[in-house]
Amino acid sequence: MTLELFIQYLFAGITYGSIYAIVAIGFNIIYNTTGIINFAQGEFVMLGGMISISLLPVLGLPLAIVAAVVITMIFGALLEICFIRWLVNPGVLRMIIITIGLSILTREAALHIWGESIHSLPYFVGNEITSVTIAGARISPQVLWVVGACGCMVIILSIFFQTTSVGRDMRACAANRTAATLCGINTRNMVTLSFMLSAGIGALAGCVVSPITSTAYDNGTGLAIKGFTVAILGGLGNSMAAVGAGLLLGIIEAFSVHIIPLAFQDAIAISLLLLILFIRPHGLFGSRSAGLKEF
Amino acid sequence: MALLELRGLHKRFGGLHAVNDVSFGVERGLIKAVIGPNGAGKTTLFNLITGTVPASGGQVLFAESDISRKKPHQIASLGLARTFQNIKLFSDMSVLENVMVGLHVRSRTGFIGSMLRMPAGRREERRLRVQALQLLDRLGLSDFADCEATSLAFGQQRAVELARAMALQPSLLLLDEPAAGLNIYETAEVGRLISSIREQGVTVLLVEHDMSLVMDISDEVVVLSFGKKIAEDVPQSIQQNDEVIRVYLGE
Amino acid sequence: MRRLLPICLLIGAVVAVQLVTEVSDTRYYLTQLTMAAYYCLLIIGLSVLMGYAGQISLGHAGFFAIGGYLSAALTTHNLIEYNQAGLVQALQQLGLLVSTQDIYGSSLLVVAPWAAALAAVCAAALIAWLLGIPVLKLKGHYLAMATLGFGIIVYRVALASSYFGEADGISEVPPFQLPFGLAVSGDFSARVENYYIAWGVLIIGLILLRNLIDSRVGRALRAIHAAPEAAEAMGVDTARFKLKVFVISAVYAAVAGVFLTHYNGGIGPSEAGVMKSVRYVAIVAVGGMANLNGALLMGVVLSFMSLRGVFGTYDDAVFGLILIVIMLFAPKGVLSLNPLARVRATIGRRRLSREGG
Ligand SMILES: Nc1ncnc2c1ncn2[C@@H]1O[C@H](COP(=O)(O)OP(=O)(O)OP(=O)(O)O)[C@@H](O)[C@H]1O
Ligand SMILES: [Mg+2]
């Protein structure tokens with residue numbers, strides 16, 4: 001393999017990997033505050049892409065993206081308020097089924113609104129053939145947009161969680177919900193907020209990646225599976241590890257094109273998921289006792 | 001050698017040493033009590049013995065074999081039964097069915113046999129039913145055989161749990177606070193019951209806060225405090241033990 | 001006797017329905033009722049897994065597809081060019097292959113349907129077992145995701161391999177000859193016969209599961225569901241029991257896949273889709289998880305409606321909606337929504353609280 005090809009694969013891997021990482025962080029944010037895995041996580045990414053594409057002719061690219069993110073965040077909040085907030089002590093099985101139902105309804109609604117065909121945003125800079133050269137390899141600038149946007153989101157999120165009081169409240173809620181409630185934190189609002197945050201980052205990821213991967217109504221499931229794989233790989237609830245795990249999965253997938261037919265690419269992530277669940281269910285980086293507490 | 005032998009058993013929860021280097025033995029045919037203030041690690045000790053919680057260190061020997069690494073169901077099938085401090089009956093199942101689950105390791109019909117309702121399986125099912133009814137009869141519970149187990153009064157639920165554990169035909173029975181929440185008559189009844197269980201050749205290890213019950217029925221007493229064993233003796237000497245008195249009365 | 005009564009009622013209903021279609025000249029309904037019966041076979045298997053073993057599987061369409069696809073592929077792929085290969089000859093000696101002629105008169109050498117069916121079901125069981133070992137150690141979300149992932153793999157494999165016909169699937173699957181001159185086929189003249197075969201298979205499957213639930217094993221399963229720690233302390237090997245239920249429910253799905261594929265004369269990748277798996281979960285949920293009769297009833301009704309196209313383009317959306325509504329308002333299934341009992345319970349509670357206060 002030439003260096004050039006190597007770098008090309010590497011960047012392809014990093015692009016997809018960043019998206020997986022964002023989906024995984026979305027899983028983690030909700031998991032940490034509620035103990036729920038939100039199966040509709042992938043749908044946020046799809047919605048972000050679709051809404052921005054629809055708004056593009058009206059608002060122009062930057063505003064369309066902002067609007068898509070905001071609308072998806074409101075959608076995420078509504079999901080939580082309408083379907084989750086008022087349940088008293090729902091079991092894990094029940095929560096799984098509800099979020100699956102939500103993801104199906106979202107997808108079916110998307111199918112009826114946007115149809116079966118794939119859509120995509122235009123490249124933010126230039127077009128398909130514009131490229132920048134890095135170490136001799138030609139890389140689309142959109143790749144840099146994706147990596148940059150995802151990187152910024154991770155940084156902003158960690159600043160948010162570390163320094164703002166709302167972020168700290170959310171972390172308190174994650175560490176011990178009962179105690180947080182006793183300290184006067186409104187845990188219910190924290191849960192709504194966590195849904196909004198997950199939806200928002202998912203939607204933004206969906207926008208920046210849309211020019212490269214296109215958006216179709218049924219993108220969500222595949223993304224959810226991979227995001228979940230990454231979340232598990234990093235140890236459920238551990239968002240920093242998810243970034244590493246996401247990049248790892250993306251890169252493995254990109255390089256595996258050499259060995260495994262494209263059609264079976266999804267199988268890699270899933271096999272990896274099963275493998276991890278088998279040998280280290282607490283994640284590659286997690287400690288044995290911390291990972292599985294909710295189960 | 002003793003039926004049950006604990007060697008340097010240790011359990012950490014994070015920084016907390018819930019059970020700290022505890023060693024003692026339980027001789028065959030005895031009733032041994034484990035006492036100690038709340039949070040002393042008594043239930044954790046039971047969980048370590050039955051394999052519900054993995055030990056951080058140390059060994060558990062049961063009938064000469066090391067069971068420290070075994071799973072709870074394997075340990076149960078070796079003849080070690082237990083009850084729970086916070087009663088864990090099978091809801092949505094009758095009292096009779098609860099006790100029949102206790103006979104699980106004393107029966108063998110598998111998936112295929114069950115699905116096809118083989119004659120051997122049906123014979124076994126009848127046997128289990130008879131045995132379970134006999135047990136309920138002995139504990140005065142036969143009137144409730146068909147009631148839903150979790151609908152019974154508290155004391156009766158404890159009795160059903162005991163019946164379920166006895167159904168396993170254990171050689172060692174662990175009882176976690178069998179008299180908790182019972183009135184004095186029921187407590188006395190439980191005391192007689194435990195003694196009669198010992199008469200049948202079952203060794204008993206129990207955790208109990210009711211001191212008069214402990215002093216009445218047990219042959220030996222172990223005292224735990226903050227996870228450590230601070231005394232082990234016959235009941236009369238335990239009552240005289242300065243350290244124990246200090247732990248119980250505060251300094 | 002009490003055990004037999006529901007079964008007798010069911011048989012009576014099956015016969016009655018057939019007679020009604022005969023009299024009212026609506027025999028075409030039998031086609032969908034036959035297909036619904038096969039889907040129900042899968043659904044009652046899943047119901048035992050979800051309701052009694054407390055495990056969720058979002059990959060049951062995968063097992064259905066393994067059964068259907070393997071059976072279809074083995075009975076349609078011509079082995080004539082491998083005629084000389086040792087393996088093929090050995091199979092032939094064992095009577096596992098049949099030679100026939102296709103419609104153009106060229107000779108076909110394919111695996112006999114019964115052997116193909118056996119192989120397909122065994123494959124599904126084996127895969128379930130291998131998948132179950134790691135997966136059933138997990139609970140809740142992990143299991144859901146892992147089985148979902150498994151379903152997607154099956155779907156992708158079916159869609160991407162030419163052996164399984166890629167997007168077109170496999171067609172022209174031959175009839176499945178059963179004893180007594182019966183055959184599972186979509187042949188017009190055999191419609192009534194196939195209706196009874198399907199419901200016969202379903203009823204046998206139902207009886208077997210009923211037996212299982214009413215036995216020592218079923219008791220242990222319910223115990224695991226109610227209080228896992230106590231069940232373990234009574235010597236129940238929870239992991240092994242869950243694994244076995246998982247395998248059994250996979251076998252039910254595979255058998256359903258085999259029969260339905262022969263009945264339809266083919267299978268396509270949509271049968272392996274994730275939405276199918278979700279739909280089965282939805283039906284089990286509506287029926288009330290630990291309720292075989294409910295699962296059966298809802299399975300027939302909803303499959304039949306869906307197959308008749310009642311839901312139109314909203315087919316998948318309907319099942320998504322059902323999932324949410326049931327889980328929000330009646331997590332024990334619609335049959336638990338006995339209005340009279342509700343009223344009574346509310347009144348009782350009022351009285352209690354008044355006496356208490
Ligand atoms: N799973 C666990 N995780 C963390 N800490 C635990 C766990 N189980 C028990 N502990 C802690 O270990 C200590 C011992 O608990 P344990 O239940 O064994 O006490 P006990 O002697 O049975 O008390 P009691 O008389 O109240 O039943 C307590 O401080 C308890 O909080
Ligand atoms: Mg205790």
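Description of the structure in this document. (Residues numbered from 1 in each chain as written. Chains lettered and ligands numbered in written order. Predicted model: local features only at pLDDT ≥ 70, side-chain atom pairs only at ≥ 80, totals over all residues. Heavy atoms only, no water.)

1. Section: the sheet that holds strand β10 (residues 228-233) of chain B
Residues and elements named next belong to chain B. Read from one edge to the other, the open sheet built from six strands follows the order β6-β7-β8-β3-β9-β10, with strand pairing classed as mixed. Two strands lie at the open edges of the sheet, namely β6 (80-82) and β10, each paired on one side alone. Neighbour-to-neighbour, the strand axes of the sheet open up by a mean angle of 15 degrees, direction not taken into account. Strand direction decides the pairing type here: strand β7 (residues 172-176) and strand β8 (residues 203-207), joined by five bridges, are parallel. Among the inter-strand pairings, aspartate 176 is bridged to a residue of β8, identified as valine 207. (Pairing = 2+ DSSP bridges. Helix = DSSP H or I, 4+ residues; strand = E, 2+ residues; numbered from the N terminus. Axes fitted to C-alpha atoms, helices over the stretch in contact; angles between N-to-C directions.)

2. Re the sheet that holds strand β1 (residues 4-13) of chain B
Residues and elements named next belong to chain B. In spatial order, the strands read β2-β1-β4-β5; together these four strands make up an open sheet with antiparallel pairing. Across the chains shown, the open sheet's two edge strands, defined by having one partner strand only, are β2 (16-26) and β5 (65-66). Both strand β4 (residues 57-62) and β5 contribute to a ladder of two bridges, which runs antiparallel. The partner of phenylalanine 62 across the bridge, within β5, is serine 65. Against the sheet, helix α1 (residues 42-49) contacts β1, β2 and β4, and its axis sits at roughly 115 degrees relative to β1. (Contact = heavy atoms within 4.5 Å.)

3. Here we look at the nonpolar core
Nonpolar side chains tend toward joint burial in soluble globular proteins. Within the largest apolar cluster, 252 residues are counted, with the highest numbers of intra-cluster contacts made by Phe39 of chain A, Leu173 of chain B together with Ile44, Phe63, Trp199 and Leu323 of chain C. Top element by residues in this core is helix α2 (residues 29-52) of chain C. It accounts for 16 residues. Excluding its chain neighbours within four sequence positions, the residues that come into contact with phenylalanine 63 of chain C are Ala124, Ile127, Ala128, Leu131, Phe150, Phe246, Ala250, Ala253 and Ala254 of chain C. (Core = buried A, V, L, I, M, F, W, Y, C linked by side-chain atoms within 4.5 Å. Buried < 20%, exposed > 50% of the residue type's maximum accessible area, 1.4 Å probe, protein only.)

4. What to know about the pattern of salt bridges
Residue and element names in this part refer to chain B. Applying the stated criterion across every chain yields a total of 21 salt bridges over all chains. The partner of arginine 192 in a salt bridge is glutamate 189, and the shortest N-O contact between them spans 3.0 Å. Of this pair, arginine 192 and glutamate 189 both sit in helix α7 (residues 184-199), three residues apart, which is roughly one turn of the helix. Between arginine 198 and glutamate 199 there is a salt bridge; the shortest N-O distance is 3.8 Å. Assessed through its relative accessible area of 62%, glutamate 199 is described here as exposed. (Salt bridge = Lys/Arg side-chain N within 4 Å of Asp/Glu carboxyl O.)

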